[in-house]
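# Topology and contacts: notes
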Amino acid sequence: MLTLANAFRATSLVAAAIVALLAATPPAGGTGGVVTVKIFAPRGSVGTRCDRVYPLTRSVRPPAVLTGAIRTLLAGPTMAERRRGYGGWFSARTAGAFRSARVADGVAYVDFADFRRVIPNASSSCGSTLLLAQLNRTATQFPTVRRAVYSFSGSRRAFYEWLQLSPPRAATS
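Take unusual backbone geometry next. With omega at 10°, the peptide bond leading from Pro62 into Pro63 counts as cis. Looking at where Pro63 falls in the secondary structure, it is placed in the loop between strand S2 (54-60) and helix H2 (65-75). Although it is not a glycine, Asp105 sits at a positive phi angle of roughly 50°. As for its position among the elements, Asp105 is in the loop between strand S3 (98-104) and strand S4 (107-112). Although it is not a glycine, Gln164 sits at a positive phi angle of roughly 60°.

Dropping the structure here:
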């Protein structure tokens, strides 16, 4: 005969089994504690489409998937990807430039060490469009990120003025 206590125990056991199963399940898109993310890079000649970038997959460890994606973007395409025609502004020279990332109210705030001297031509009109396409497509692939704001050592002004743009206003969507 099923008593209320036995029903409660059975329900508790089922709930515990579901929690254990969910805890053991890798995050969506990943296995073994890693998540597959995309970084974005141009391929071939940019021509007049300065904002055309293509996804390349990377594996990062959760929970800091935005941080992992930006770090791997800054390292640039692998040698094999470069042989296949991928390029862009990021390479081993920019690999250590990531400082921090946080998301608040749908905005990713990403801070870098100053890499202006490493990639000075990114400040041309096509160059800045390509740089922002690589960064924005990488940052906004996550459902919690609607847009991204960038800075050098905490200064939005330094980052955006280098690209000959006005810095975005704080926390408005």
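The discussion continues.
What follows deals with the pattern of salt bridges. Summed over the entire model, instances satisfying the criterion amount to five salt bridges. Asp51 is paired through a salt bridge with Arg49; the nearest N and O atoms lie 3.4 Å apart. Under the relative-accessibility criterion, Asp51 is labelled partly exposed at 40%. The exposure class assigned to Arg49 is partly exposed, which follows from its relative accessible area of 40%. One salt bridge connects Arg99 with Asp111, and the closest N-O pair in it is separated by 2.9 Å. Here Asp111 lies in strand S4 and Arg99 lies in strand S3, a separation of twelve residues in the sequence. Owing to a relative accessible area of 46%, Arg99 belongs among the partly exposed residues under this scheme.

Below, the discussion takes up the side chain of Thr94. Following the sequence through the fold, Thr94 ends up in the loop between helix H3 (79-83) and S3. What makes Thr94 buried here is its relative accessible area of 0%. Excluding anything up to four places from it in sequence, Thr94 contacts Leu74, Trp89, Phe115, Val118 and Ile119.

Before going further, it helps to examine the sheet that holds S3. Sheets are built from strands that pair by backbone hydrogen bonding, the pairs being arranged parallel or antiparallel. If you walk across this open sheet you meet the three strands as S3-S4-S5, and the pairing is mixed. In this open sheet, the two strands that pair with only one neighbour each are S3 and strand S5 (147-152). Within this sheet the neighbouring strands show an average axis-to-axis angle of 15°, counted without direction. Of the strand pairs in this sheet, S4 and S5 are connected by six bridges, and their pairing is parallel. Each bridged residue has a counterpart across the sheet, and for Asp111 the counterpart in S5 is Ser151. In the packing of H2 onto the sheet, the strands contacted are S3 and S4, and the crossing angle to S3 comes to about 145°. Seen against the sheet, helix H4 (residues 125-139) touches S4 and S5 and runs at an angle of roughly 125° to S5.

Rules and cut-offs
- Residues numbered from 1 in each chain as written.
- Predicted model: local features only at pLDDT ≥ 70, side-chain atom pairs only at ≥ 80, totals over all residues.
- Heavy atoms only, no water.
- Helix = DSSP H or I, 4+ residues; strand = E, 2+ residues; numbered from the N terminus.
- Salt bridge = Lys/Arg side-chain N within 4 Å of Asp/Glu carboxyl O.
- Buried < 20%, exposed > 50% of the residue type's maximum accessible area, 1.4 Å probe, protein only.
- Contact = heavy atoms within 4.5 Å.
- Pairing = 2+ DSSP bridges.
- Axes fitted to C-alpha atoms, helices over the stretch in contact; angles between N-to-C directions.

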